[in-house]
Amino acid sequence: MDKCRIPLGPFHPLLEEAEFFDIKVEGEKVVDIDMEIGWMHRGHEKISESKTFTQSIFLVERICGICSTSHPFACVNAIEDIDNIEIPERAKYIRILIGELERIHSHLLWIGLAGHFIGYDTVWMWVWKYREPILQLSEKITGNRNHYAMFRVGGVSRDFDNALIPVVNPVLDEVQKKMEMLVGVVNDDPVLKSRLKGVGVLTKEDAIDYCAVGPTARASGYDIDVRRDDPTAYELVDVNVIVTPNGDVFDKFVVRVLEVIESCKIIRQCLKAFPKVQGPIINNVKEISPGEGIGRYEAPRGEVFHYIRSDGSNRPVRHKVRAPSYSNIPTYKASCIGLPLADVLITLAAVDPCYCCTERSVRVLDNNGKRLNKNLLALSRGKTERIRKEIL
Amino acid sequence: MILNYILYSLIFPGLLFTLVLGLVVGWVERKVSARVQFRVGPPFLQNFYDIFKLFGKETILIKNSPYVIFLLAPIIAFATVALSSTILGTATFFHSGIGGDLILIIYLLVIYSVCVILGASSTGNIYSSTGASREIKLLLSDELAFILVALIAIIKSGYQINLTGIISYQASNGAIIGSLSGIIAFIIGILVIQAKMTLQPFDIPEAETEIVDGTFIEYSGPLLAFWKMAHYMMFVLLPMLLIVLFLGGIKLTVWGIIAGILKYLVIVVIIILIKNTNPRVRIDSALNFFWKYASPIAFVGVILAILGL
C-alpha cells in the first residue's frame, strides 16, 4: 500500500496553538510521525534580558496562560538560587497553595479537552464547569482568575487572608467528589474504556530514553517529581507522587485525576498551617550579586526549568527557559507509530502539550534568509556550548 | 394528478415541510445538547439564519478537480432525501404511496451515502479522502443491519414491502414494536440511524478534531447549505421511517397527531441523548459493533419474526 502523508497543522482543531505534525499513514495505520516546532515567535528570553528581575517574573508569567504560576515559581527559584535567598515560611505556604490551585485547574482543563478530542463534548463542558469554582477561588485569593502576579524575589506580594479558609475547604471537597465521580464514569463506560485503554503506550524505557517529564513519565511508571526530589517550598508538606505502570492514555488520565485529588490534600495541609504560621511574607532583597542560578518546579505538565545569569546589575544577562512539553513532545516517536489515525490524535493530546510554553525562539534563518527548521536541537546545543565557554 | 404530485413532492410531505421541520428539530437537537452540557443553546431561528447566510456566501471550487461531481453531489443528495421523504410522507399522511415502497427508500438512502463519498473524494483533499474512506466503511457496516431491520417489519406485516401496507397492517393488528422481534428491530434501528446520520458515537467520517469535518471540508456557501439541509431533513426522514415501520405510523385524528408528535419527539430525544453520552468510536470498533453484535442480533430478530414472535 502506498504511504500517504497527512499534515496535521500548523492550524488544526486538535491543536489550540500552531504546531505541525507530519504523519505518514498506510490506510488508517500511522507508520511515521515527525514534529516541527517553532511556529510561534515569542522572544521571551530576549525580552527578559531588557527587564529588571522583578519585571521578568511578570514577563515569564505570560509565557503560558494555563501554567502561569509554574514559570514565575521556577524563575524566582532561579533568582533566589543566585544569592541563596531564604524566604519566610508563610510565603512558602502561599506559593504552594497557588501552585496547587493552578495544578488542579490545569488538569481539569486537560480532562475537558481530552473529552472534546475523542468527540465527547459533554465531558468537556461538564469538567470545565467544575473548573470554574477553582478559578473563582484563585480570584478571591490572588485577585486574578489567572496570571496571579503573586511571586516576588524573596517571597510573595499578597498575604493569604485566614478568613478565606472556610471558603476554600468546601470547594476542594466538591472538586474531590467530582473527580471520584469521573473515575467511576470512566470505569463504567465500555466505549470510553475501549477508546483509552492500551492506546498510545509509552514504555518506561522509552519514557527514560526520551527524557519524558511530569504526568507523561509518571503514567509510564517513571517515578519523577520535582516537588519531592528537589523541593524549594514543598519540604513543608507531604507530597505523594502518583505513579501508574501502563503508560497508555488511560493511565495518563488516571494520573491526572489522582493528582487533582492529591493537590486537594496538599492545599488542606497548607490551610491547616496558615493559622499557626504568622509573620512576614516577603524578605526584602535589595540587589542580586553576579552569578548564575537555576530554578526547577513541577508544572502541571512536568518539570519546568529556568536558568538566570546575573552580572550584578538589576537585569538578567541571560534567561533560559525550558518548558516540560519540550521534553514530552518527542515521545510521540515512541508512542504513536503503529496506531490507527484516530488513536494517534488522542495520544498527541494525552501528553497535554503546551506549545506556547515550549517555543520562545525567534524565527531562525540561515545565511540565505531561508527558514531553518530541521536542526533546532543542534542550534540549541551550540548555544549551550557557547554559554558554557563564556562562563569558563 | 400531476399537480398533486408536484404539490406532494415540493410542499407538504416533501421538500418544504421536511426542510422546515428538520431545521426546527435541528434546533431541538442543539438546544437539548446545550442543556445537557450546561450551556444556553441557540435561539429558535438559528438554523434558518445559518442556512440563509450560507446561501449568500461564495462557492469555492477547486482547480484541477472533477468539479461537476463536486457540484452535483450535494444537490443529488438533497434531492434523494427530499424524494424519500415525499414517498414516506404520502404513505404516512395520505395512505397512498406515490409509487414507492420500502426497497426504494433503502436504495435512496444508499444514494445519499454514495453522494457523500463521491463529493468527498472528488476534492483531492487528504482529510476529505480519509473521511470518504471512513464513510464507505461505515456504510458497509450499518447497511446490513439496516436492511435486516427493514426485513423484520416486512416479515411481521405479512411480507408486504409497501409502506401503506405496513401501516394498515399495524392499524388492524397493533404496532410491530409490541412483539419481541419488533423491540429488537427498534433498538437496532435507533443505532443504525445514529450511524446513517453520522452522529456520535458514529460521527467517524466527520470527526471534527481528527479530520476537520472530513467529508465536507472543501464545501462552502450554497453547496454546504445543501449538505446541511439534507442532514437536517434526515432528522425527519429516519425517525419517521422508524415510526412507520414499528410504531404504527401517524393517524390523522387529533389524538393521533398528538401521539405521532410524541412518538417522533421520543425517538429524537433518544438519538440526542445517545449523541451526548458517548465518545466517538474508532472505525474498526464501529465495524466490529455492527458486524459482530448489531447485525447478528437483528438476524435473530428476523428469525423470531418468521417464527411469529
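Scroll up to find the structure.
Quick summary incoming for the structure in this document. (Residues numbered from 1 in each chain as written. Chains lettered and ligands numbered in written order. Predicted model: local features only at pLDDT ≥ 70, side-chain atom pairs only at ≥ 80, totals over all residues. Heavy atoms only, no water.)

Roughly 1000 Å³ of internal volume is contained in the second largest pocket. Where the lining of the second largest pocket is concerned, the elements lending two or more residues are α5 (121–142) of chain A together with α2 (15–36), α3 (46–55), α9 (208–211), α10 (221–246) and α11 (254–276) of chain B. Of the residues contributing to the lining of the second largest pocket, the split by class is 12 nonpolar, 12 polar and 12 charged. (1 Å grid on protein atoms, 1.4 Å probe; cavity = no way out; pocket = protein on both sides within 12 Å on 5 of 7 lines; lining within 4 Å. Points joined across faces, edges and corners; volume = space filled by probe spheres on them. Helix = DSSP H or I, 4+ residues; strand = E, 2+ residues; numbered from the N terminus. Nonpolar A, V, L, I, M, F, W, Y, C, P; charged D, E, K, R; others polar.)

So, on to α10 of chain B. Residues and elements named next belong to chain B. The end-to-end C-alpha separation of α10 is 38 Å, in line with the 38 Å expected for 26 residues at 1.5 Å each. A maximum bend of about 25° is found in α10 at Met-234. With 25 of 26 residues buried, α10 is to be regarded as a mostly interior element. Gly-248, located one to two residues past α10, shows a positive phi value of around 80°. (Expected span 1.5 Å × (residues − 1). Bend = angle between axes of the 7 residues up to and from the residue. Buried < 20%, exposed > 50% of the residue type's maximum accessible area, 1.4 Å probe, protein only.)

Turning our eyes to something else, we now look at the interface of chain A and chain B. Across the boundary between the two partners, chain A contributes 31 residues, which contact 23 residues of chain B. Summed over both partners, the interface of chain A with chain B comes to about 2300 Å²; 59% of that surface belongs to carbon and sulfur atoms. Applying the counting criterion to the chain A and chain B interface returns one salt bridge. Note that Arg-282 of chain B is salt-bridged to Asp-343 of chain A, the shortest N-O span being 2.8 Å. (Contact = heavy atoms within 4.5 Å. Buried area = accessible area lost by both parts, 1.4 Å probe. Salt bridge = Lys/Arg side-chain N within 4 Å of Asp/Glu carboxyl O.)

Each pair of packed helices can be summarised by the angle the axes make with each other and by the distance between the axes. Residues and elements named next belong to chain B. The contact between helix α5 (residues 102–121) and α10 brings their axes to 13 Å, and the two run at 155°. On the basis of the axis angle, α5 is roughly antiparallel to α10. In terms of crossing hand, the pair formed by α5 and α10 is left-handed. Between α5, through Leu-102, Ile-105, Leu-109, Tyr-112, Cys-115 and Val-116, and α10, the contact on the second element is made entirely by Trp-227, Ala-230, His-231, Met-234, Leu-237, Leu-238, Leu-241 and Leu-245. (Axes fitted to C-alpha atoms, helices over the stretch in contact; angles between N-to-C directions. Parallel < 35°, antiparallel > 145°, perpendicular 65-115°, else oblique. Left-handed = near helix turned anticlockwise from the far one by under 90°.)

On to the sheet that holds strand β1 (residues 4–8) of chain A. All names here are of chain A. Pairing is antiparallel in the open sheet, where three strands are placed in the order β1-β2-β3. Bordering the open sheet on either side are β1 and β3 (29–36), each of which pairs with just one other strand. Each strand axis lies, on average, 20° off the axis of its neighbour in the sheet, ignoring direction. The sheet contact formed by strand β2 (residues 20–26) and β3 spans seven bridges and is antiparallel. Looking across to β3, one finds that Lys-24 is bridged to Asp-32. Running at roughly 155° to β2, helix α14 (residues 341–350) makes contact with β1, β2 and β3 of the sheet. (Pairing = 2+ DSSP bridges.)

Of note, Glu-206 of chain B is situated in the loop between α8 (180–196) and α9. The buried charged residue Glu-206 of chain B lacks any salt bridge partner; its closest oppositely charged side chain belongs to Lys-228 of chain B, at an N-O distance of 7.1 Å. (Lys, Arg positive; Asp, Glu negative; His and termini not counted.)

It is worth spelling out the environment of Lys-46 of chain A at this point. All names here are of chain A. Turning to its location among the elements, Lys-46 is positioned in helix α1 (residues 44–48). Classification of Lys-46 by relative accessible area gives exposed; the value is 61%. Along the primary structure Lys-46 and Arg-318 are separated by 272 residues, whereas in three dimensions their C-alpha atoms are 8.1 Å apart.

Residue and element names in this part refer to chain A. At their nearest, the axes of helix α6 (residues 165–188) and helix α11 (residues 249–273) sit 10 Å apart, and the two run at 160° to each other. In terms of their interaxial angle, α6 and α11 are classed as roughly antiparallel. At the point where α6 passes α11, the crossing takes the left-handed sense. Of the residues assigned to the contact of α6 with α11, the class counts are 16 nonpolar, three polar and three charged.

One pass over the structure, following the stated rule, counts seven cavities of 30 Å³ or more. In this structure, the largest cavity spans a volume of roughly 150 Å³. Taken together, 15 residues line the largest cavity, and the ones lying closest to its centre are Ile-111, Gly-115, Ile-118, Leu-196 and Phe-253 of chain A. Top element by residues in the lining of the largest cavity is helix α4 (residues 89–117) of chain A. It accounts for four residues. Residue composition of the lining of the largest cavity, by class: 14 nonpolar, one polar and no charged. Considering only enclosed or pocket space, the second largest cavity measures out at about 100 Å³ in volume. A total of three residues in the lining of the second largest cavity trace back to one element, the largest contributor, which is α5 of chain B. Class assignment of the residues belonging to the lining of the second largest cavity gives a composition of five nonpolar, three polar and three charged.

What follows deals with the packing of aromatic side chains. Following the criterion strictly, the structure yields 20 aromatic pairs over all chains and no others. A ring pair is formed by Phe-289 of chain B and Phe-290 of chain B, whose centres lie 5.3 Å apart and whose planes are at 75°; its orientation type is edge-to-face. The class for Phe-289 of chain B is partly exposed, based on a relative accessible area of 27%. Through a chain of ring-to-ring contacts, three or more aromatic side chains come together here, namely Phe-70, Tyr-112, Phe-216, Tyr-219 and Trp-227 of chain B. Over the ring of Phe-38 of chain B we find Lys-129 of chain A, and its NZ or CZ is 4.1 Å from the ring centre. The residue whose ring lies beneath Arg-131 of chain A is Trp-128 of chain A, and the NZ or CZ to ring-centre distance is 5.7 Å. (Phe/Tyr/Trp six-rings, centres within 6.5 Å; stacked < 30°, edge-to-face > 60°. Lys NZ or Arg CZ within 6 Å of the ring centre and 35° of its normal.)

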